[in-house]
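# Notes for the structure review
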Amino acid sequence: MDNRMNILQKALQLFYEKGYDAIGVQEIADAAGVTKPTLYHYFGSKYGLLEAVAREDYVQLRDGLAVRAEYAGDLPMNLELLTKFYLDFCSSHEAYYKLMMAMMYSAKESDTYKVIYPCMQEIIRMLTDMFLKAGDIIGNMRGRQEQYSIGFFGMLNNYMLYWFGRDAESRPELSGGQAHELVHQFLYGIYV
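Now for a quick tour of the structure. Since the model is a prediction, treat every value here as computed from it, not as a measurement.

Conventions we followed
Residues numbered from 1 in each chain as written. Predicted model: local features only at pLDDT ≥ 70, side-chain atom pairs only at ≥ 80, totals over all residues. Heavy atoms only, no water. Phe/Tyr/Trp six-rings, centres within 6.5 Å; stacked < 30°, edge-to-face > 60°. Helix = DSSP H or I, 4+ residues; strand = E, 2+ residues; numbered from the N terminus. Buried < 20%, exposed > 50% of the residue type's maximum accessible area, 1.4 Å probe, protein only. Lys NZ or Arg CZ within 6 Å of the ring centre and 35° of its normal. Salt bridge = Lys/Arg side-chain N within 4 Å of Asp/Glu carboxyl O.

Per the counting criterion, the structure on display carries 13 aromatic pairs. Considering the side-chain rings of Tyr86 and Tyr97, the 6.2 Å spacing of their centres and the 85° angle between planes classify their relative orientation as edge-to-face. Of this pair, Tyr86 sits in helix 5 (residues 75–92) while Tyr97 sits in helix 6 (residues 94–104), and the two are 11 residues apart along the sequence. With relative accessibility at 1%, the residue Tyr86 sits in the buried group. Judged by its relative accessible area of 1%, Tyr97 falls in the buried class. Between the NZ or CZ atom of Lys46 and the centre of the ring of Tyr20, over which it lies, the distance is 4.3 Å. Arg171 extends its terminal NZ or CZ atom over the ring of Trp163, reaching a point 4.6 Å from the ring centre.

Okay, the pattern of salt bridges next. The full count for this structure, using the stated rule, is 7 salt bridges. The salt bridge involving Glu27 is made with Lys18; its shortest N-O contact spans 2.7 Å. Judged by relative accessible area, Glu27 falls into the partly exposed class, the value being 29%. In this structure Lys18 comes out as partly exposed when scored by relative accessible area, which is 46%. For Glu94, the salt bridge is made with Lys98, and the minimal N-O distance between the two is 2.7 Å. Placement of both Glu94 and Lys98 in helix 6 is noted, with a separation of 4 residues, approximately one turn of the helix.

Here it is as structure tokens:
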């Protein structure tokens, strides 16, 4: 593994375990087995490192969601494929996912929020576009596509945060069936 990737992995783990503000550049450099000048060479600053950590796994997340959010004429199918991918991604990238959520719920003027907010907005736009395309066919969304995308993304994140909060042995399997149930719940609510 090269120095850059090693630094990114160590920084992700330390930011996840202790929080961005609690970690110093020297601690990251020590954990990665590099000097501070080496870290600065790759990232320029601690903030630059945070940006790189946030973007590294996000690109894979964004690209995977984009493929599944491309409306194919069947909204439940799109939502199930997207949900299955999201559950799989989050469960296999625990440190990144939890850091991403912590960043999203940090103070609006904090470095962490400023780094992750554009990523979250991009996901919401992607979902909104999918709902807009489906709305042209389904027709009953009545201009609430962004509201649907925010609600859907919120439901997925609340589910994942609850899932991670459970003991590993009591977590339900994250499967296509689980994705189907979550999408069904979103589309039909509790009364249908």
